[in-house]
Every structure is written in C-alpha cells, then in structure tokens.
Amino acid sequence: MGTTCIRCSQPTEGVLCRTCRARLRVLLSARAGVRGAVGPPLHWLQAGIALLALGLVVAGLLRQAGAAGEPAVPGPGVWKVLGGASFFSPVGLATDRFGNLYVVDAATYHIYKLAPDGTLLATFGAHGSAPGQFDRPTAIALDPIGNLYVADTANSRIEKLSTTGVPLGTWGSPGSGPGQLNAPRGVAVDREDNVYVADTGNDRVVKLSPLGQTLAIWGRSGRGLGEFREPYGIGLDVDGAIYVADHANNRIQKLSPSGTALAEWGGYGPNEGQFNNPRAVAVDMHGDVYVADSFNNRVQKLSSAGLPLAEWGGRGGQPGQFRRPEGLTVDDAGGVVVVDADNDRLQRYVPADR
C-alpha cells in the first residue's frame, strides 16, 4: 500500500507526489540558474535569496509532515455510516466514556442515545418549554459522570439531564444580561463541572458554575481577537483551553482557561486551513483540533498550533462525503464521529491501524 504526499496528502509511493516533486525540481533549477548566471557583486545576494526561498518551502513541507513534534497526516482509514436510528435534523453530538453517542435532533426535539455501533438505546425530550422539553436544541455535552447538558436554543437556556434523561436543572432565560442567554448553540463541560456556553445571539462565551451561576462573560460582537460573530461550537483541551467555532467570522479562536484570547485560525475560503461557516470544534488528547467546516462539506484537522494536518469530505452521499457536517466528537485512538446533517446520518472514521 502506498503512502500519502507530505505536502498535499495525495497518494504516492514516495515522500512527495509527482506534482510536488516537479514543483520542488523547478525551485532547485531556479536556484542552480541563479548560481550559474549571475556574476559579482550580485551573485551571493541572489543565490542567498534563492536559498532562502528554497529553505522556506522545505520548512513548510517538513512542518506539514510533522516536524518539531507535530503529528503527520493520518494514514488511510475507513468511513462508515452508522445505522440504527432515523433522524430528521441531526445537529449536536457528544460521547460518554463507554463510547455511547448522544445525538441532538433539532426537528424532533429529541436526544437520541446510541450504542457505539449506532443501535438506538433511548430517546429523551419533547417539544416545549417545561423541564426536560426542548425547542430547536442544537448542542450537547457530558460531564465526567455522564450527566447531559443541552443547548436548548430557541428557549435560550441550558438544560441539565441525568444519564437516563431526568431533568436536573435549567439555566438561563432570553436576554443579554448576566444569567441570560440568546439562542445558545454550543456547550462544553470541564473536569470541575463548570459549563461553557457559546451564547450565539449575544456574540459571547459564558462560563457557568456547576450550579448554573455566571462566573465569567468573554467577548463581544466584532472581528477582532477575542470578539465573536455568532459563535457556535465550543470545545476544551486537556489543559482547559477553550476553542470556539466563530461561525460568522469563519475562524477558530483559542482562549486561555481564564478567557484571554490566545490565537485565531482560519478565514473564509475553500483551501486548507480556511473555513466556510464552521459549526463545531473538538480537541483530542494530543491537542489536535477537529472542525466541522460545514459549508465546505468537510472536516478539517489542525495541529495544536493551528497548522492544517488533514481534511476529509467533499459534498455527496457516499461514505466519507458530507452534506453540511454539524456536530463531531473524537476519541483517543484518532477516531472521529460526525453528524452529517443534510444526509440525516452519522459517520464514523476508523483509522487503518485500529
């Protein structure tokens, strides 16, 4: 079996594919031409510029290949469609420590609990505003003991449920003041049971205590670092850093555990490292970041420094293709489960070495 090119991820028998080898040969030829054609006193200056350009290209290739501790592009794997449940508008996704999946269906107002193979185990919720009911829910997260936290979007609140779907608490009401939310579309829970909410309509991130008290509010409407425009998905890494899918800004923002804006990655476009309405973000145990790049119909994997590592997808209905991926979750072995929203299904990526 062949490998993939370290620069463009196309199948190849060597380190670089034919196209990238040809580009490298052009650069090498240009360098040789400069060396042979120029005379003093510009010879060393121009040769130095050519060498610098070549060095930058090689450095980029090595960086994408996983130099300086970055993981390499994943090897071949298999995408599988998970059966066992029927969806009408699946959006949010979370997984528990046993590998069970929890899917939010915005159109049926339900939370579906599935076995790792997709078999339907339980259904929670109904349409309404009473405890345990939802109106256009969009996201879900679990705490360390398996309680569920649902972004009940049209009710502008977060609902907490037990592992069996019993209502345990409701936090938030429509508005923009402390303790209020406006159509939240993302939720995450840390190891201390603090809850992080992408308060989408208010263009901010809200941190809540385990009892639902407002601990911090970060951000405002805008395009600058630490500002948001319709933040959607939210994820945490093992060190407590916060990653936000800054949906209308077409980027991912990284915040410190105290809410300080640290970095931003992306920008609008179809190229690697660019996004078109990213809707969800997840982080694995190694710090790699996975993004549901929804309107580009793909999933992108970035390094902990924001460098593109891999992408999967393309618009379609075959395994490994997507129509508006929304939620996603990752495991410690490099597996990914994706809510393929407009195909009304879940897909699981299984690495070849697993």
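The rules behind these values
Residues numbered from 1 in each chain as written. Predicted model: local features only at pLDDT ≥ 70, side-chain atom pairs only at ≥ 80, totals over all residues. Heavy atoms only, no water. Helix = DSSP H or I, 4+ residues; strand = E, 2+ residues; numbered from the N terminus. Buried < 20%, exposed > 50% of the residue type's maximum accessible area, 1.4 Å probe, protein only. Contact = heavy atoms within 4.5 Å. Areas by Shrake-Rupley, 256 points an atom, 1.4 Å probe, with all protein chains shown as cover. Phe/Tyr/Trp six-rings, centres within 6.5 Å; stacked < 30°, edge-to-face > 60°. Pairing = 2+ DSSP bridges. Axes fitted to C-alpha atoms, helices over the stretch in contact; angles between N-to-C directions. pLDDT = per-residue confidence, 0-100. Core = buried A, V, L, I, M, F, W, Y, C linked by side-chain atoms within 4.5 Å. Salt bridge = Lys/Arg side-chain N within 4 Å of Asp/Glu carboxyl O. Polar contact = N/O pair within 3.5 Å; in protein donor to acceptor, adjacent residues only side chain to side chain.

Peer 1: For the overall build of the protein chain, give the residues involved together with the corresponding values.
Peer 2: The secondary structure content of the protein chain amounts to two helices and 26 strands. Every one of the 354 residues in the protein chain was classed for burial, and the buried ones make up 52%. In the protein chain, the share of contacts with a sequence separation of at least 24, taken over all contacts with a separation of at least 6, comes to 41%. Surface accessibility of the protein chain: about 15700 Å² in total, with carbon and sulfur atoms responsible for 54%.

Peer 1: Got a sec to walk through the packing of aromatic side chains? Specific residues and values, please.
Peer 2: For the structure on display, the rule yields eight aromatic pairs. Ring centres of Y149 and W171 lie 6.1 Å apart, and the angle between their planes is 40°; this geometry places the pair in the tilted category. One end of the pair, Y149, is in strand β9 (residues 148-152); the other, W171, is in strand β11 (residues 167-171), with 22 residues separating them in the sequence. As far as the burial class goes, Y149 and W171 line up, both buried. With a centroid separation of 4.9 Å and an interplanar angle of 40°, the aromatic rings of W312 and Y349 are classed as tilted. In this pair, W312 sits in strand β23 (residues 308-313) while Y349 sits in strand β26 (residues 345-351), placing the two residues 37 residues apart along the sequence.

Peer 1: Describe the sheet that holds strand β12 (residues 186-189), and please don't skip the residues or the numbers.
Peer 2: Across the sheet, four strands lie side by side as β12-β13-β14-β15; this open sheet has antiparallel pairing. The open sheet is flanked by β12 and β15 (214-218), the only strands paired with a single partner. On average, adjacent strands in this sheet sit at an angle of 15° to one another, irrespective of strand direction. Two strands pair when backbone bridges link them, and β12 and strand β13 (residues 195-199) are joined in this way by four bridges, in the antiparallel orientation. Along β13, the bridge assignment pairs A188 with Y196.

Peer 1: Break down the confidence of the model for the protein chain for me, citing the residues and quoting the values.
Peer 2: On average, the protein chain scores 84 in pLDDT, and the residues at 70 or more come to 79%. Counted against residues more than four places away or in other chains, residues 1-10, with its pLDDT under 50, gives 34 contacts.

Peer 1: Can you lay out the sheet that holds β11 for me, pointing to particular residues and giving the numbers?
Peer 2: Strands pair in a sheet through their backbones, by hydrogen bonds, and they do so in one of two ways: parallel or antiparallel. The four strands are arranged β8-β9-β10-β11 in an open sheet whose pairing can be described as antiparallel. Every other strand in the sheet has two partners, leaving β8 (139-142) and β11 as the edge strands with one partner each. The sheet shows a mean angle of 20° between the axes of neighbouring strands, taken without regard to direction.

Peer 1: Could you give an account of unusual backbone geometry, with specific residues and numbers?
Peer 2: Peptide bonds are mostly trans, and most non-glycine residues show a negative phi. Positive phi outside glycine occurs at Y109, with the angle close to 60°. Phi is positive for N250, close to 55°, though the residue is something other than glycine. Mapped onto the elements of the fold, N250 is located in the loop between β17 (242-246) and β18 (251-255).

Peer 1: Explain the pairing of β8 residue by residue, including any values.
Peer 2: Burial along β8 is two-sided: the face carrying A139 and A141 and the face carrying I140 and L142 are both buried. The pairing of β8 with β9 spans four bridges and is classified as antiparallel. Bridge pairing links L142 to L148 in β9. Between β8 and β9, which pair antiparallel and follow one another directly, the connecting turn spans five residues, one of which, G146, has a positive phi of 100°.

Peer 1: Outline the pairing of β12, supporting the account with residue identities and numerical values.
Peer 2: Here β12 shows a buried face lined by G186 and A188 and a second buried face lined by V187 and V189. Once β12 ends, the chain turns through five residues before running back antiparallel as β13, passing D193 with a positive phi of about 70°.

Peer 1: Talk me through the nonpolar core; I want residue IDs and the actual numbers.
Peer 2: One finds W79, Y290, V299, W312, L328, V336 and V338 to be the most contacted residues of the largest nonpolar core, which totals 14 residues. Of all the elements in the fold, those that place two or more residues in this core are β20 (278-283), β21 (289-293), β23, β24 (325-330) and β25 (336-340).

Peer 1: Quick rundown of the pattern of salt bridges? Include the residues and the values.
Peer 2: Within the structure shown, the criterion is met by 13 salt bridges. Put simply, E159 and R157 hold a salt bridge, and the shortest N to O gap is 2.9 Å. Judged on exposure class, the residue E159 and its partner R157 are both buried. Between R204 and D199 there is a salt bridge, with the nearest N and O atoms lying 2.7 Å from each other. There is no split in this pair, since R204 and D199 are both buried. Several salt bridges converge on common partners, so that one network encompasses R279, R324, E326 and D342.

Peer 1: So, the environment of G132: which residues are in play, and what are the values?
Peer 2: Looking at the element boundaries, G132 is found in the loop between β7 (120-124) and β8. A C-alpha to C-alpha distance of 7.5 Å links G132 and G165, two positions 33 residues apart in sequence.

Peer 1: Hey, could you go over the side chain of N249 for me, with residue numbers and the actual values?
Peer 2: The topology assignment puts N249 in the loop between β17 and β18. What makes N249 buried here is its relative accessible area of 12%. Within the local environment of N249, its side chain forms a polar contact with the side chain of R229, the two groups lying 3.1 Å apart. Side chain to side chain, N249 and D246 meet in a polar contact 2.9 Å long. The residues touching N249, leaving out its near neighbours within four places in the chain, are G222, R223, E227, F228 and R229.

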